[in-house]
Amino acid sequence: MAGIQVEALHAWYGRDLILKQVDLVFPGKAITAVIGPSGCGKSTLLRCLNRMHELVPGARVAGRVVLNETDIYHYGVNPVEIRRRVGMVFQNPNIFPTMTIFQNVGVGLALAGRQRYRHRQLETRVVKSLQQVGLWEEVKDRLHRTATGLSAGQLQRLCIARTLAVEPEVLLMDEPCSALDPIAAIRIEELMRELKASYTIILVTHNMQQAARVADFTAFISRGELIEYGSTPEVFLRPRDLRTERYITGTGG
Amino acid sequence: MVTLCILATGILLAVLGLVVGYIAIQGLPGLSWSFFTGTPRPIGEAGGGMAHAIAGSFILIGLACLVGIPWGVLTGIFLAEMKRWRRLGTLVRFTADVLSGMPSITAGIFIYTSVVISMQTFSALAGGLALGIVMIPLVARNTEEILRLVPASMREAALALGLPYWRVVVSIVLPTAARGIGIGMTMALAGIAGDPVPLFFTALNNNYWSLDLRQPIASLPMEIFRYTAAPFAEWHTLAWAGALVLIAISFTPMLLVRIFLPGYRIRR
């Protein structure tokens, strides 16, 4: 199943090697959790998959990342195009405060530049995205007002809707529930399960229960190296590597 | 410590109140229909007005904004957003700081040698340019500082949607920072509106109604300077009224920006 293949990926910040020789396949239409101690490079791995890593001055990448037969680091590939195909959701719901709810969801389409969207088309997509994240009923009466007053969980779902509106193939989620209360977090987890029917989802999380609950596959990274990768029950119940076992049982990284 | 802070603030407010209040008391009697419509009368004759200077000030401020605002804002965007040019940015930032700390008479001299001499006349154009040059570094540095306050996470969110960088800056970062940038512009504007120094070598002054950009032009600060230095009571009244109008001209844009540009509470 097509998803994202990572081959011999290395990543640097300046002279610091953050990721070493990562080889990994993220299967399509499934949720893969990436777990590991703080600073192990899991967020960097995520940011290498949509070419956000290189935005930091001095950041560098080597290796191949293949998305549906496109090597995203191949010469001549436009990173802006890649970011439209690989959406990203961040830890803090970072909505655009100057814009209305409608504009926030439609912004990726409205400002894309190359294609001009008619208002009708834009509206259809915005409504569809809001329905996908289950926010439509909650905001349909206030679409043209700013998002102030929404709860953190609602804002995070708004951010997911914003990402979905661009119709990406892959959804990268960088600790999407860390800033949310448990009930809002469960809501996002349910949403991820619904979305995996149509998207490849890669979830970076600190919360191992969450990984165990939602992920089909789990990758464990420590000190920039991929230590273990397999189906979630395998990794959690029968880890092959001692380091994985220690991390999962909480007896040291 | 708290007492000292309150004291300092109190004294500042008192001084502000005194200055504005005194100018209002002295200036209000001079405000009349003819003040806004008339031009200077011969010495000894009562009446007359400052219409020429008010119009001149508007023209000079307008020209200065035309030069200073786009130039300053673009430089500010360069400083804050173009990370590939950080080396040059450091140099530009240092230059802007030096420029904004320099006495404004240097801008006047610069325009005198580069524009006035080649045009062979003092002119409104030269005056506007000189004031514009004083504005650039102020607007640029303020724009930069405000843009830096827009959190990186917001830029990242926009970039992750597959928007080109310049789109993110123009459509997301700038609108978020609009209020701060606008306030900075009006402060720079207030700074130059009341400054006669760069005008001595450039716009000079004019006793008559003139809107010709190629000719010397009157302005409120120049006329206030001339009228207060003269020994005639009528002129002093005009000068006070002129000062009051000048304060209003400087203050109005600040008020408008604060009312009409909304501020955004930026999360985290």
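**Details of the overall build of chain A**
Right, on to step 1. Within chain A one finds ten helices and ten strands.
Right, on to step 2. Expected size for 253 residues packed as a compact globule is a radius of gyration near 18 Å; at 18 Å, chain A falls within 12% of this value.
Right, on to step 3. Oriented by its inertia axes, the alpha-carbon framework of chain A measures out at about 55 × 45 × 35 Å.
Right, on to step 4. Per-residue burial over chain A gives 56% buried out of 253 residues.
Right, on to step 5. If you take every contact in chain A between residues at least 6 apart in sequence, the share linking residues at least 24 apart comes to 67%.
Right, on to step 6. With the model as given, the accessible surface of chain A reaches about 11,300 Å², and the carbon-plus-sulfur share is 49%.

**A word on helix H7 (residues 182–195) of chain A**
All names here are of chain A.
Right, on to step 1. An ideal rise of 1.5 Å per residue puts 20 Å on 14 residues; H7 measures up with 20 Å between its terminal C-alpha atoms.
Right, on to step 2. Taken as a whole, H7 has its buried residues at Ala-184, Ala-185, Ile-188, Glu-189, Leu-191, Met-192 and Leu-195. Down the axis, H7 shows its buried residues gathered within 160 degrees of arc, on one side only. Exposed side chains of H7 directed beyond 90 degrees from the buried face belong to Pro-182, Ile-183 and Glu-194.
Right, on to step 3. Among the structural elements, strand S3 (31–35), helix H4 (119–132), helix H6 (152–165), strand S7 (170–174), strand S8 (200–204) and helix H8 (208–214) are those in contact with the buried residues of H7.

**What to know about the interface of chain B and chain A**
Right, on to step 1. Chain B puts 21 residues into the contact, and the matching count from chain A is 29 residues.
Right, on to step 2. Contact between chain B and chain A buries roughly 2,100 Å² in total, counting both sides, with carbon and sulfur atoms accounting for 68%.
Right, on to step 3. In this structure, the connection of chain B to chain A is made through one salt bridge.
Right, on to step 4. For A:Arg47, the salt bridge goes to B:Glu156, with nearest N and O atoms at 2.7 Å.
Right, on to step 5. Mapped by element, the contributors of at least two residues to the side of chain B that touches chain A are helix H7 (152–160) and helix H8 (165–193) of chain B.
Right, on to step 6. With seven residues, the single largest contributor to the side of chain B that touches chain A is H7(B).
Right, on to step 7. Counted by class, the side of chain B that touches chain A contains eleven nonpolar, four polar and six charged residues.

**With respect to the sheet that holds strand S9 (residues 217–222) of chain A**
All names here are of chain A.
Right, on to step 1. Overall, mixed pairing links the six strands, which are arranged S6-S7-S8-S3-S9-S10 in an open sheet. Sheet topology places strand S6 (86–89) and strand S10 (225–231) at the edges, where each strand pairs with a single neighbour. Strand-to-strand, the axes of this sheet are offset by a mean angle of 20 degrees, without reference to chain direction.
Right, on to step 2. Here S6 pairs with S7 via four bridges, running parallel. If you follow Met-88 over to S7, its bridge partner there is Leu-172.

**Some words on the pairing of strand S1 (residues 4–13) of chain A**
All names here are of chain A.
Right, on to step 1. Pairing geometry for S1 and strand S2 (residues 16–26), over seven bridges, is antiparallel. Along S2, the bridge assignment pairs Leu-9 with Val-22.
Right, on to step 2. Linkage of S1 to S2, two consecutive antiparallel strands, is achieved through a turn of two residues, within which Gly-14 is found at a positive phi near 60 degrees.
Right, on to step 3. Here S1 pairs with strand S4 (residues 59–67) via eight bridges, running antiparallel. By the bridge assignment for S4, Ala-11 is matched with Val-61.

What counts as what
- Residues numbered from 1 in each chain as written.
- Chains lettered and ligands numbered in written order.
- Predicted model: local features only at pLDDT ≥ 70, side-chain atom pairs only at ≥ 80, totals over all residues.
- Heavy atoms only, no water.
- Helix = DSSP H or I, 4+ residues; strand = E, 2+ residues; numbered from the N terminus.
- Rg over C-alpha atoms; globule rule 2.2 N^0.38 Å.
- Buried < 20%, exposed > 50% of the residue type's maximum accessible area, 1.4 Å probe, protein only.
- Contact = heavy atoms within 4.5 Å.
- Areas by Shrake-Rupley, 256 points an atom, 1.4 Å probe, with all protein chains shown as cover.
- Expected span 1.5 Å × (residues − 1).
- Arc of directions from axis to C-beta.
- Buried area = accessible area lost by both parts, 1.4 Å probe.
- Salt bridge = Lys/Arg side-chain N within 4 Å of Asp/Glu carboxyl O.
- Nonpolar A, V, L, I, M, F, W, Y, C, P; charged D, E, K, R; others polar.
- Pairing = 2+ DSSP bridges.
- Axes fitted to C-alpha atoms, helices over the stretch in contact; angles between N-to-C directions.

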